[in-house]
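# Structure at a glance
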Amino acid sequence: MTIKKKRKFLELPEGDWVTILEECIKKSELLDLESFLKAQYENCVTIYPPRNRVFAALEHTQFYDVRVVILGQDPYHGPHQANGLCFSVMPGVAVPPSLANIYRELRDDVGCLLPSHGCLHSWAKQGVLLINSVLTVEKSAPGSHRGKGWEVFTDAIITLLNDKHKDLVFFLWGSYARKKAVLIDRQRHMVLEAAHPSPLSAYRGFYGCKHFSRCNTYLKNIGKTPIDWQLPSLRSIE
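We now examine the sheet that holds strand E2 (residues 68–72). Sheet architecture is open: four strands sit in the order E3-E2-E5-E6, paired in parallel fashion. Strands with a single pairing partner mark the edges of an open sheet, and in this sheet they are strand E3 (128–132) and strand E6 (190–194). On average, each strand axis in the sheet is inclined to that of its neighbour by 15°, with strand direction left out of account. Pairing analysis gives five bridges linking strand E5 (residues 169–173) to E6, with the strands arranged parallel.

Rendered as structure tokens:
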């Protein structure tokens, strides 16, 4: 009989992130996070995204493939929405208001057609790391997993990207994401800051920020391939 190796509760997907973050995942704050999440699951608390998608951002965009970082806050807290990529939802799920505002800015900035879906996998495949500051949330309770240890984990991700890469583009939308700016060397990378695309704040500087065109201009100027921000049709995803 083959004895299967016991799976760690917080286990990173296979790839270069495992080696890069090896020291980080030993930190005591993450042991506390693991204990917190384990208790939540044992008490049948509904957590988003599904457990097998918590690290989807790292799975879809490997460390050495990252060219752009879009930093969100925490996952969507409604049923069937969160898929592990910030601002993204599963195919067939209605486009949330914040993402609809991102699409509006994309249209006005670079002329993208408005997609009929909210799946951002095609960006991730091009080296856009779509990572939230906090990777889990309780159903119908936005912000419920803040201060539980995820911030230590994502701070480590931003720090490693800052130190080991050069000429990345960081999109920091909203005050929560902009707190990470202190971890980024602006002499090595481009940092684009604006209000959050939420309907409550988009009019305070997100609309008209032109971050998508500014990002691509920067990438082209340093000899890198720009991002194709136009999302494919839903049929090509399914």
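Still to come is the rest of the account.
To continue, consider the nonpolar core. Residues Ile70, Trp123, Phe153 and Trp229 are the most contacted members of the largest nonpolar core, which totals 77 residues. In terms of residue count, the dominant contributor to this core is helix H6 (residues 150–164) (seven residues). Setting aside residues up to four positions removed in sequence, phenylalanine 153 forms contacts with Leu12, Leu21, Cys24, Ile25, Leu30, Phe55, Leu58 and Leu135.

Okay, H6 next. Helical periodicity: at 3.6 residues per turn, an α-helix aligns residues three or four positions apart in one direction. Between its first and last C-alpha atoms H6 spans 21 Å; for 15 residues at 1.5 Å apiece the expected length is 21 Å, and the two agree. All buried positions along H6 are accounted for by Trp150, Glu151, Phe153, Thr154, Ala156, Ile157, Ile158, Leu160, Leu161 and Asn162.

Positionally, phenylalanine 212 belongs in helix H8 (residues 211–221). Note: C-alpha distance between phenylalanine 212 and glutamine 62 (150 residues apart in sequence) is 21 Å.

What counts as what
Residues numbered from 1 in each chain as written. Predicted model: local features only at pLDDT ≥ 70, side-chain atom pairs only at ≥ 80, totals over all residues. Heavy atoms only, no water. Pairing = 2+ DSSP bridges. Helix = DSSP H or I, 4+ residues; strand = E, 2+ residues; numbered from the N terminus. Axes fitted to C-alpha atoms, helices over the stretch in contact; angles between N-to-C directions. Core = buried A, V, L, I, M, F, W, Y, C linked by side-chain atoms within 4.5 Å. Buried < 20%, exposed > 50% of the residue type's maximum accessible area, 1.4 Å probe, protein only. Contact = heavy atoms within 4.5 Å. Expected span 1.5 Å × (residues − 1).

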